Amino acid sequence: MESKREDSVQHFLNLIQKSRRGKFKIYIGMSAGVGKTFRMLQEAHSLLKNGIDVKIGFIETHNRKETHELLTGLPVIPRRHLFYKGKELEEMDVQAIISLRPEVVIVDELAHTNIEGSKNEKRWQDVFEILEAGINVISAVNIQHIESLNEEIKHITGIEVKERIPDSVLAQADEVVNIDLTADELISRLKEGKIYKAEKIEMALKNFFKNEHILQLRELALKEVASQVERKVEIEVPRNKNTRHEKFMACISSNEATAKKVIRKTARLANYYNSSKWYVLYVQLPHESADRIALDKQRHLINNFKLATELGAEVIKIEHTRIAKAIIEQADSKGITTLCIGKPRMNLMKIILSTSAFKELLNKLSSSEIDLIILS
């Protein structure tokens, strides 16, 4: 009885905090130059004309003439000036924004990494602080900065994007708007010098701005926004009580590359199905105990646990002698509906030798309602 009362109080507190929190709108695009910053500034002018107290917290115009001109007439909150490694640099002044308490603040470059020594490591964390203060935020990000898409973006473009935001940042947005252009329109803007300076255009056309790259990135951006809309419908529109609520568990090993892919792809699935809770399970076999595992493998495991946590998973680490048995035990105790594992990368002999473990897992799953997804 006491537990139910505490849950009820916590639920009410959550509702109060949610109502006090600012609203969060994100403009998303397939790449630089689609017009996210331009659209945010247009919206700022419209809000200002309608009597809304809107201010610019941080805008990066990249010296694009048409974008820079839109700053005229908009109140800008001065940036913080600080010295780092002998250079004077600028950052968004979060405290000034919170002190001024505008109704709406525009914050560009959501995936930006703050200068070392800043209160928050990332700008999205600054934004959350501003939202908690009850201030509405309009921000922007490119599709390649979403954490769970990192491997896919690298496969498409050949570039590993270093600055990324957890998927949970997008999930917490009240509105996600896609700024869409066709590949031809984007390439035309690039050739006209509306994205980069003349000396960078040829290199961009040969690398990131290839037609096939743009088409694939555009598809990812459209899918992402569609999944955000579906998630909003799932949350706000009452569902049939008999509908199955998906609960995912990613099963990883100490293989760094495979584990990273399984974590990111499971995060995508959990987000798509609006799974409120998902898990990452690592079963530590005796030969991988803390005093026997190689230091590099231990480091990779810690990094993957950190990645899983950032993507919203609860990490479970257990010691066991039988992987299949451990997986099933955990899946049953957590009410898992879908297990996700990596595609085995072994030669034929290893597959034959490990068949018993895989067979055991399949046999146990066949008598349950749990689905199995093998991720490549």
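Presented here is an overview of the structure given in this document. Values in this document were obtained by computation on a predicted structure and should not be read as measured data.

So, helix α6 (residues 150–157)
Part 1 of the argument: All of the buried residues in α6 are Asn 150, Ile 153, Ile 156 and Thr 157. Looking straight down α6, one finds its buried side chains confined to an arc of 125 degrees; they lie on one side.
Part 2 of the argument: Among the residues trailing α6, Gly 158 stands out with phi positive, at a value near 80 degrees.

Looking at the packing of aromatic side chains
Part 1 of the argument: Inspection of every chain in the model, using the stated rule, returns seven aromatic pairs.
Part 2 of the argument: When the ring of Phe 24 is compared with that of Phe 128, the centres are 6.3 Å apart and the planes differ by 90 degrees; the resulting orientation is edge-to-face. Residue Phe 24 is located in strand β1 (residues 24–29), and its partner Phe 128 is located in helix α5 (residues 123–132); the two are separated by 104 residues in the primary sequence. Across this residue pair, the class does not change: Phe 24 and Phe 128 are buried.
Part 3 of the argument: Centroid distance Tyr 282 to Phe 305: 6.0 Å. Interplanar angle 55 degrees. Geometry classified as tilted. Of this pair, Tyr 282 sits in strand β9 (residues 278–284) while Phe 305 is found in helix α12 (residues 295–310), placing the two residues 23 residues apart along the sequence. Comparing Tyr 282 with Phe 305 shows no difference in burial state: the two are buried.

Some remarks on the pattern of salt bridges
Part 1 of the argument: Under the definition given, this model contains 22 salt bridges.
Part 2 of the argument: Among the salt bridges present, the one from Arg 21 reaches Glu 132, with a minimum N-O distance of 3.1 Å. With Arg 21 in the loop between α1 (2–20) and β1 and Glu 132 in helix α5, the pair connects residues that are 111 residues apart, well separated along the chain.
Part 3 of the argument: You can call Glu 132 exposed: its relative accessible area is 54%.
Part 4 of the argument: Here Lys 260 ties to Glu 256 by a salt bridge, and the two come within 3.4 Å at their closest N and O atoms. Of this pair, Lys 260 and Glu 256 both sit in helix α11 (residues 256–272), four residues apart, roughly one helical turn.
Part 5 of the argument: By relative accessible area, which is 30% here, Glu 256 ends up partly exposed.

Structural notes on the pairing of strand β8 (residues 248–252)
Part 1 of the argument: Where burial is concerned, most of β8 is hidden: five out of the five residues are buried.
Part 2 of the argument: Burial of the side chains of β8 extends over both faces: Phe 248, Ala 250 and Ile 252 are buried on one face and Met 249 and Cys 251 on the other.
Part 3 of the argument: Sheet analysis places β8 next to strand β11 (residues 338–342), joined by three bridges and oriented parallel. Looking at the pairing, Met 249 lines up with Leu 339 of β11.
Part 4 of the argument: Two elements, β8 and β9, share four bridges in a ladder whose sense is parallel. Bridged to Ile 252 within β9 is Tyr 282.

Some thoughts on unusual backbone geometry
Part 1 of the argument: Non-glycine residue His 62 carries a positive phi angle of around 55 degrees.
Part 2 of the argument: Looking at the secondary structure, you find His 62 in the loop between β2 (54–58) and α3 (65–69).
Part 3 of the argument: Backbone geometry places Arg 101, a non-glycine residue, at a positive phi of 50 degrees.
Part 4 of the argument: Position of Arg 101 relative to the elements: it lies in the loop between α4 (94–100) and β5 (104–107).

Quick word on the packing of α11 against α12
Part 1 of the argument: Relative orientation of the contacting elements α11 and α12 amounts to 5 degrees, with a least axis distance of 10 Å. The angle between α11 and α12 places the two elements in the roughly parallel class. Along its contact with α11, which presents Glu 256, Ala 259, Lys 260, Ile 263 and Arg 264, the element α12 presents His 300, Asn 304, Leu 307 and Ala 308.
Part 2 of the argument: Taken together, the residues of the contact of α11 with α12 sort by class into four nonpolar, two polar and three charged.

Considering the sheet that holds β9
Part 1 of the argument: Taking strand neighbours across the sheet as the criterion, the five strands line up as β10-β9-β8-β11-β12 in an open arrangement whose pairing is parallel. Here the strands that pair on one side only, and so sit at the sheet edges, are β10 (313–319) and β12 (371–375). The mean angle between the axes of side-by-side strands here comes to 25 degrees, regardless of whether they run parallel or antiparallel.
Part 2 of the argument: Packing against the sheet, α11 makes contact with β8, β9, β11 and β12, and its axis sits at approximately 175 degrees to β8.
Part 3 of the argument: Set on the sheet, α12 makes contact with β8, β9 and β10; between it and β10 the angle comes to about 145 degrees.

How each quantity is defined
- Residues numbered from 1 in each chain as written.
- Predicted model: local features only at pLDDT ≥ 70, side-chain atom pairs only at ≥ 80, totals over all residues.
- Heavy atoms only, no water.
- Buried < 20%, exposed > 50% of the residue type's maximum accessible area, 1.4 Å probe, protein only.
- Helix = DSSP H or I, 4+ residues; strand = E, 2+ residues; numbered from the N terminus.
- Arc of directions from axis to C-beta.
- Phe/Tyr/Trp six-rings, centres within 6.5 Å; stacked < 30°, edge-to-face > 60°.
- Salt bridge = Lys/Arg side-chain N within 4 Å of Asp/Glu carboxyl O.
- Pairing = 2+ DSSP bridges.
- Axes fitted to C-alpha atoms, helices over the stretch in contact; angles between N-to-C directions.
- Parallel < 35°, antiparallel > 145°, perpendicular 65-115°, else oblique.
- Contact = heavy atoms within 4.5 Å.
- Nonpolar A, V, L, I, M, F, W, Y, C, P; charged D, E, K, R; others polar.

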